[in-house]
Amino acid sequence: MSPVYYHYFCSKSNPMTDTIFSHRTIRKYKPDPIPDKILQYILEAGIRASTTGNMQVYSIIVTTDDNIKEELSPSHFNQPMVKEAPAVLTFCADFNRFNKWCRLRKAEPGYDNFLSFMTAAIDALLVAQNVCVAAEDAGLGICYLGTTTYMAGKIIEILDLPEGVVPVTTVTVGYPDESPELTDRLPLEAVVHHEKYRDYSDSDIDKHYQKKELITTYQEFVKENNKETLAHVFTDVRYKKDDNVLFSKTLLEVLKKQGFMNNQ
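Residues numbered from 1 in each chain as written. Predicted model: local features only at pLDDT ≥ 70, side-chain atom pairs only at ≥ 80, totals over all residues. Heavy atoms only, no water.

Novice: Go over the pattern of salt bridges, please, and point to the residues and values.
Specialist: Two side chains carrying opposite charge are able to pair once their charged atoms lie near each other. A complete count under the given rule lists 9 salt bridges for this structure. A salt bridge links Arg103 to Glu108; its shortest N-O distance comes to 3.4 Å. Here Arg103 falls in the partly exposed class, since its relative accessible area comes to 47%. Overall, Glu108 belongs to the exposed group, its relative accessible area being 64%. Across the pair Asp204 and Arg198 runs a salt bridge, and its minimum N-O distance is 3.2 Å. Judged by relative accessible area, Asp204 falls into the buried class, the value being 9%. Residue classification places Arg198 among the exposed residues on the basis of a relative accessible area of 55%. (Salt bridge = Lys/Arg side-chain N within 4 Å of Asp/Glu carboxyl O. Buried < 20%, exposed > 50% of the residue type's maximum accessible area, 1.4 Å probe, protein only.)

This is the structure in structure tokens:
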């Protein structure tokens, strides 16, 4: 958002808007536990999220037990915040509960397919975002973990998730023990298309990514990894094709095992 628009909205003193524009990823937490009433508040905020057909085909696993966090840690590549954060929230696509309700009412569900997984995954992610905003509004810090789908099978074992349930994202929550800078974002014009999609020219790409490429931290990434450009850091180091293919195949196997790949 341009400084002009940001100033306009912030001048209206909207606490929720302030929270959204102040979002920071927190990886270091104080040991203080989250009071039950605050945890309840952010979870209640979560379930007010939009949901397909008001089915609420998601579940949230709240992990505060140190032993279980220890078990989960390798599934998130041993990132320290998994064990250090007071709470680890695993958001799951969940048709198990809805299917059972249908059958108890003598209605046969037809949700054993990839479309239904996508429906439930979208629901879960909407809930997760609501929880994140509410947590930050309550003075907590959060960190979204993209590792959940990489290691979904192992997380299913640890959290005893039945058929019809697949973890799609994880968020660590706690009181911040750091105050990092705001993370950079592409300009609004880079991600918003009016009326129809307008494809990018080479000059558009250069313009949209120029600021990111000039950030000192990213330039250091390029040097440290002995790469030519920041794009090479992403394609050759951070998110390699071989890894993407491996984790993609693994996730598809998990979806099949959990009953979401029938009737394709």
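Novice: How would you explain the side chain of Gln258 if you had to name every residue and give the values?
Specialist: With respect to the element layout, Gln258 can be found in the segment after α13 (241-257). Each residue touching Gln258, except ones within four places of it in the same chain, is listed here: Ile156, Leu161, Pro162, Glu163, Gly164, Val165 and Val166. (Helix = DSSP H or I, 4+ residues; strand = E, 2+ residues; numbered from the N terminus. Contact = heavy atoms within 4.5 Å.)

Novice: Please provide a residue-by-residue account of the pairing of strand β4 (residues 165-174), values included.
Specialist: When you tally the buried positions in β4, you get 10 out of 10 residues, the bulk of the element. Where strand β2 (residues 87-94) and β4 come together, 8 bridges link them in antiparallel fashion. Following the sheet pairing, Ala93 is matched in β4 by Val166. Note: strand β3 (residues 141-145) against β4, 5 bridges, orientation antiparallel. In the strand pairing of β4, Ile142 is matched with Val173. (Pairing = 2+ DSSP bridges.)

Novice: Describe the sheet that holds β2, naming the residues involved and giving the relevant values.
Specialist: Spatially, the 4 strands line up as an open sheet ordered β1-β2-β4-β3, and their pairing is antiparallel. Each of the sheet's edge strands pairs with one partner strand only, and the pair in question is β1 (58-63) and β3. Looking at each pair of strands side by side, their axes are set apart by 25 degrees on average, direction ignored. Packing of helix α7 (residues 114-137) onto the sheet brings it into contact with β1, β2, β3 and β4, and relative to β2 it is tilted by some 155 degrees. (Axes fitted to C-alpha atoms, helices over the stretch in contact; angles between N-to-C directions.)

Novice: Any details on the state of the cysteines? Residues and values, ideally.
Specialist: Under the counting rule described, the total for this entry stands at 0 disulfides. Cys143 supplies the cysteine sulfur nearest to Cys132, a cysteine that is in no disulfide, at a spacing of 9.4 Å. (Disulfide = S-S within 2.5 Å.)

Novice: Please give an account of unusual backbone geometry that cites residues and values.
Specialist: Positive phi, normally seen in glycine, also occurs at Phe77, with a value near 55 degrees. Following the sequence through the fold, Phe77 ends up in the loop between α4 (66-72) and α5 (81-84). Although it is not a glycine, Asn226 sits at a positive phi angle of roughly 55 degrees. On the secondary structure map, Asn226 appears in the loop between α11 (216-224) and α12 (230-238).

Novice: Could you give an account of the packing of aromatic side chains, with specific residues and numbers?
Specialist: Centre distance and the angle of the planes are the two values used to describe a pair of aromatic rings. Taken as a whole and assessed by the stated rule, the structure comprises 13 aromatic pairs. With a centroid separation of 6.3 Å and 35 degrees between ring planes, the pair formed by Phe77 and Phe247 is classed as tilted. One end of the pair, Phe77, is in the loop between α4 and α5; the other, Phe247, is in helix α13, and 170 residues separate them in sequence. Residue Phe77 is classed as partly exposed on the basis of its relative accessible area, which comes to 42%. Ring geometry for Phe98 against Tyr111: centres 5.7 Å apart, planes inclined by 65 degrees, an arrangement best described as edge-to-face. Of this pair, Phe98 sits in helix α6 (residues 96-104) while Tyr111 sits in the loop between α6 and α7; the two residues are 13 residues apart in sequence, bridging distant segments of the chain. Tyr111 sits in the partly exposed class, given a relative accessible area of 27%. Each residue in the set Phe95, Phe98, Trp101, Tyr111, Phe114, Phe117 and Phe260 is aromatic and connected to the rest through ring pairs, giving one cluster. (Phe/Tyr/Trp six-rings, centres within 6.5 Å; stacked < 30°, edge-to-face > 60°.)

Novice: So what's going on with the environment of Ala49? Which residues, and what values?
Specialist: Secondary-structure assignment places Ala49 in the loop between α3 (36-46) and β1. Placed 155 residues apart in sequence, Ala49 and Asp204 show a C-alpha to C-alpha distance of 35 Å. Residues in contact with Ala49, not counting those within four places in the same chain, are Leu126, Val127 and Asn130.

Novice: I'd love a proper account of the pairing of β2, names of residues and values included.
Specialist: Most of β2 is tucked away, with 8 of its 8 residues classed as buried. Alternating positions in β2 separate into two faces, Ala87, Leu89, Phe91 and Ala93 on one and Val88, Thr90, Cys92 and Asp94 on the other, with burial throughout. Direction of pairing for β1 relative to β2: antiparallel, over a ladder of 6 bridges. Looking at the pairing, Tyr58 lines up with Ala93 of β2.

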